[in-house]
Amino acid sequence: MASAAEQLGSSISLGNFSKATELKKRLWFTLGALVLFRFLSFVPIPGVDPAAMQALFQTQSGGILDIFNTFSGGALERMSVIALGVMPYITASIVVQLGATLYGPWQALRKEGETGRKKLNQYTRYLTVLLTLVQGYAVVRGLESQSIKQGIQAVVEPGLVFQVAGTISLVGGTLFLMWIGEQITSRGIGNGVSLIIMAGIVAGLPRGIVQLFEGGRSGTMDPLIVVSIVLLTAALVVFICFMERAQRRVLIQYPKRQTARGLMQQERSHLPIKINTAGVIPPIFASSLLLMPLTVLQWAGSGVDPNSASSEWLITISTYLQHGTPLYMLLYGLGIVFFCFFYTAVQFNSEETSENLKRHGGFIPGIRPGKATEHYFDFLLTRVTVVGAAYLALICLIPEFLLAQAGIPFRLGGTSLLIVVNVTMDTVTQIQSHLIAHEYGNLIKKAKLKSGRRR
């Protein structure tokens, strides 16, 4: 039987949506922020010729740069001010969250609640600036050397002025994107950083779909493969929707309490644990960790003498870590599994949950309150996370492998699909929550008016 909230949610209509003024403001704010993000992806850094940059990127396309370009919404191939996207911010978040679980002073900050969380967020911003400076300078120097090597004048006037201006522009663009993401989270709908990444992927979907069907029409790709990819995509969407809604419900029982009629009634509730507690964070984190060193490596390697030993070493590493290679798939899969367990442990604190249950008199039938409940949650969470990690690894790796073998653009891969579907579901859920809250507010107002009239 559906709960009261679910019944109320199913009764929501477009008429109720039009009356939710606060929700409409949030939606318009989110849409405006994403439009601004797309606009910035077409603004090149100072000293870059956009047409020559497009030609230069075509000579370097393929592998890790295409992945980076997809997440940035095509900003990298245009060398826009947001060419680095939000990846430095995500990488900084990984480091700070790891530090909050391993480093003593940061562990203490994490336990301080809202004050500690704000302090850790400040550290994340500082680290983002540092990472963006390093990556931005490497990208600008790599762009200069690539322009000279390929004989394409993408940089109008190479030199110190261009390096400083380009690095500052990339740092400013990434920090502005970080600020936009935080504003969307607080004043809009959904998670801001996830929506920015999804917007970049969705912006490249039309071109990828056109390339897919054009390949089938022109005969460069087997039509059977095209149909198989379409069917596989539809099946993955259904499977992702099913797994994202799947949860393990833990029965929680409370002591008998006396009701208004003098009867003793035992209260029961359920603690839902999602199969995929980490969401889209593990694939994004794993991608960012692979993107950061490999992008710098690929750009920096262009300035090395091609006949030197260091050049051969860089070429060998880049070859083995190209998108679709066995080593890349292995590292990517291990990264997804690791971040599944790590982020789940960060999100769900077994000790704190068991203490809260004990404080309110709740217990799991057959499990003693306290340490036994904590161990039970750890055991249960480990089993659930194993299923969630296997699901994410399958969704991300199997389509990536098949599409890499078929030569289909990355934007149609499993990771992109997972991010788009998951972020869309999360955003729709938040919209529904706002509508339900609006409906409850109207019901309370009506109840107050009726009680006032009776008096």
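Everything numeric here is computed off the predicted structure, so don't read it as measured data. Throughout this description, residue numbers start from 1 for each chain and increase along the sequence as written. Side-chain atom pairs in this predicted model are given and counted only at pLDDT of 80 or more, local residue features only at pLDDT of at least 70, and totals for whole chains, interfaces and linings cover all residues. Side-chain calculation: all heavy atoms of the structure are included, whereas hydrogens and water are not.

**Q** I keep staring at the overall build of the chain and nothing clicks. Help me out?
**A** Per the secondary structure count, the chain includes 17 helices and two strands. We call a residue buried when its accessible area falls under 20% of the maximum for its residue type, exposed when it is over 50%, and partly exposed in between, using a 1.4 Å probe and counting protein chains only. Within the chain, buried positions represent 45% of all 455 residues. Residue contacts are defined here by distance: any two heavy atoms, one from each residue, within 4.5 Å place the two residues in contact. A sequence separation of at least 24 residues applies to 74% of the contacts in the chain between residues at least 6 apart. Where accessible areas are quoted, they stem from the Shrake-Rupley method and a 1.4 Å probe; at the residue level, only the protein chains shown are allowed to cover. When the accessible surface of the chain is summed, it comes to about 23,700 Å², and 63% of that surface belongs to carbon and sulfur atoms. Numbering of helices and strands starts at the N terminus; helices are DSSP runs of H or I of at least 4 residues and strands are runs of E of at least 2.

**Q** Explain the packing of helix H3 (residues 21-40) against helix H9 (residues 160-187) here, please?
**A** In a packed pair of helices, the relevant descriptors are the angle between the two axes and the axis-to-axis distance. All axes here are fitted lines through C-alpha atoms, helices being fitted over the stretch that makes contact, and every angle between N-to-C directions spans 0 to 180 degrees. Following both chains from N to C, one finds H3 and H9 inclined at 165 degrees, their axes separated by 9 Å at the closest point. Classified by the angle between their axes, H3 and H9 sit roughly antiparallel to one another. When you trace H3 past H9, the crossing you get is left-handed. From H3, Arg26, Phe29, Thr30, Ala33, Leu34, Leu36, Phe37 and Leu40 reach across to H9, where they touch Phe176, Leu177, Ile180, Gln183, Ile184, Ser186 and Arg187. Each residue gets one of three labels, nonpolar for Ala, Val, Leu, Ile, Met, Phe, Trp, Tyr, Cys and Pro, charged for Asp, Glu, Lys and Arg, and polar for the others, Gly among them. When the residues that make up the contact of H3 with H9 are grouped by side-chain class, the tally is 10 nonpolar, three polar and two charged. Between 65 and 115 degrees an angle is taken as roughly perpendicular, under 35 as roughly parallel, over 145 as roughly antiparallel, and anywhere else as oblique. For any helix crossing, the convention is left-handed if the near helix is rotated counterclockwise from the far helix by under a right angle, and right-handed if that rotation is clockwise.

**Q** What is the right way to read the nonpolar core from this model?
**A** Here is a general trend for soluble globular proteins: nonpolar side chains tend to be buried in one another's company. The definition of a nonpolar core used throughout is a set of buried Ala, Val, Leu, Ile, Met, Phe, Trp, Tyr and Cys residues joined through side-chain atoms within 4.5 Å. With 85 residues, the main nonpolar core has Met79, Ile90, Leu143, Ile197, Tyr332, Leu418 and Ile419 as its most contacted residues. Sorting elements by how many residues they give to this core places helix H16 (residues 371-406) first, with 11 residues. Residue ranges for the domains trace back to a domain assignment, done automatically or taken from a database. Looking at which domains feed residues into this core, each of domain 1 (21-204) and domain 2 (221-257 + 265-447) supplies at least three. Setting aside residues up to four positions removed in sequence, Ile197 forms contacts with Phe71, Val86, Ile90, Ile284 and Ile419.

**Q** I would appreciate a short explanation of the UniProt feature "transmembrane region" (unreviewed entry) in the chain in the present structure.
**A** UniProt positions are given in the numbering used here, feature names are shortened, and annotations may be inferred rather than shown by experiment. According to UniProt, the positions carrying the feature "transmembrane region" (unreviewed entry) are residues 27-45, 81-103, 123-140, 160-180, 192-213, 225-243, 327-346 and 380-403. The span residues 27-45 is 74% helical and 0% strand by assignment, and the distance between its end C-alpha atoms comes to 30 Å. Secondary structure content for residues 225-243 is 100% helix and 0% strand, while the C-alpha to C-alpha distance between its ends is 26 Å.

**Q** Explain H3 to me, please; I cannot follow it from the model alone.
**A** An α-helical segment advances 3.6 residues per turn. Residues three or four places apart therefore align on the same side. Along its 20 residues, H3 runs 29 Å from first to last C-alpha, staying within 8% of the 28 Å computed at 1.5 Å per residue. Every buried residue of H3 is listed here: Leu23, Arg26, Thr30, Ala33, Leu34, Phe37 and Leu40. Seen along its axis, H3 keeps its buried residues to an arc of 120 degrees; they face one direction. The outward face of H3, more than 90 degrees from its buried face, is lined by the exposed residues Lys25, Trp28, Val35 and Phe39. By this rule the span expected of a helix is its residue count minus one, scaled by 1.5 Å. As used here, the arc belongs to the directions running from the helix axis to the C-beta atoms.

**Q** What is the right way to read a nonpolar patch on the surface from this model?
**A** Patch membership requires more than 30% relative accessible area and the absence of a salt bridge. Residues of like charge join within 9 Å; the nonpolar side chains Val, Leu, Ile, Met, Phe, Trp and Tyr join within 5 Å. The working definition used for a salt bridge is a side-chain nitrogen of Lys or Arg within 4 Å of a carboxyl oxygen of Asp or Glu. On the surface, Leu36, Phe39, Phe176 and Trp179 cluster together to form a nonpolar patch covering roughly 400 Å² of accessible area. If you list the elements that add at least two residues to the nonpolar patch, you get H3 and H9. With respect to the helices and strands, the residue Leu36 is situated in helix H3.

**Q** Would you mind going over the packing of aromatic side chains with me for this structure?
**A** Remark: the centre distance and the inter-plane angle together describe each pair of aromatic rings, the angle taken between the planes. Note on ring pairs: Phe, Tyr and Trp rings are taken, using the six-membered ring of Trp, and paired if centres are within 6.5 Å. Classes follow the plane angle, with under 30 degrees stacked, over 60 edge-to-face and the rest tilted. Enumeration over the complete set of coordinates arrives at eight aromatic pairs. Taking 5.8 Å as the distance between ring centres and 25 degrees as the angle between the ring planes, the aromatic pair formed by Phe176 and Trp179 counts as stacked. With Phe176 and Trp179 both in helix H9, this residue pair falls three residues apart, about one helical turn. Ring centres of Tyr328 and Tyr332 lie 5.8 Å apart, and the angle between their planes is 25 degrees; this geometry places the pair in the stacked category. Taken as a pair, Tyr328 and Tyr332 lie in helix H14 (residues 326-347) at a separation of four residues, close to a single helical turn. Tyr328 gets classed as buried once you look at its relative accessible area, which sits at 3%. An aromatic cluster is built from Phe338, Phe339 and Phe342, whose rings are joined through pairwise contacts. A positively charged side chain is recorded as over a ring if its NZ (Lys) or CZ (Arg) lies within 6 Å of the ring centre. The angle to the ring normal must also be within 35 degrees. For Arg78, the ring lying beneath its charged end belongs to Phe42, and the centroid distance is 4.0 Å.

**Q** Just checking my understanding: could you explain the environment of Leu109 for this structure?
**A** As for its position among the elements, Leu109 is in helix H7 (residues 104-110). The contact partners of Leu109, leaving out residues within four places of it in the chain, are Gly116, Arg117, Lys119, Leu120 and Tyr123.

**Q** Can you walk me through the environment of Asp49 in this structure?
**A** As for its placement among the helices and strands, Asp49 is situated in the loop between H3 and helix H4 (50-60). With relative accessibility at 32%, the residue Asp49 sits in the partly exposed group. When the C-alpha positions of Asp49 and Arg78 are compared, they lie 9.0 Å apart, and in sequence the two are 29 residues distant. Ignoring any residue separated from it by four or fewer positions in sequence, one finds Asp49 in contact with Gln153, Ala154 and Val156.

**Q** Help me understand the pattern of salt bridges in this model?
**A** Between side chains of opposite charge, a pair can form when the charged atoms approach closely. Across all of its chains, the model carries five salt bridges by this definition. Between Glu244 and Lys274 there is a salt bridge whose closest N-O contact spans 3.9 Å. In this pair, Glu244 sits in helix H11 (residues 223-245) while Lys274 sits in strand E2 (residues 264-274), placing the two residues 30 residues apart along the sequence. Look at Lys274 and you get partly exposed, because its relative accessible area is 35%. Note that Lys371 is salt-bridged to Glu374, the shortest N-O span being 3.5 Å.

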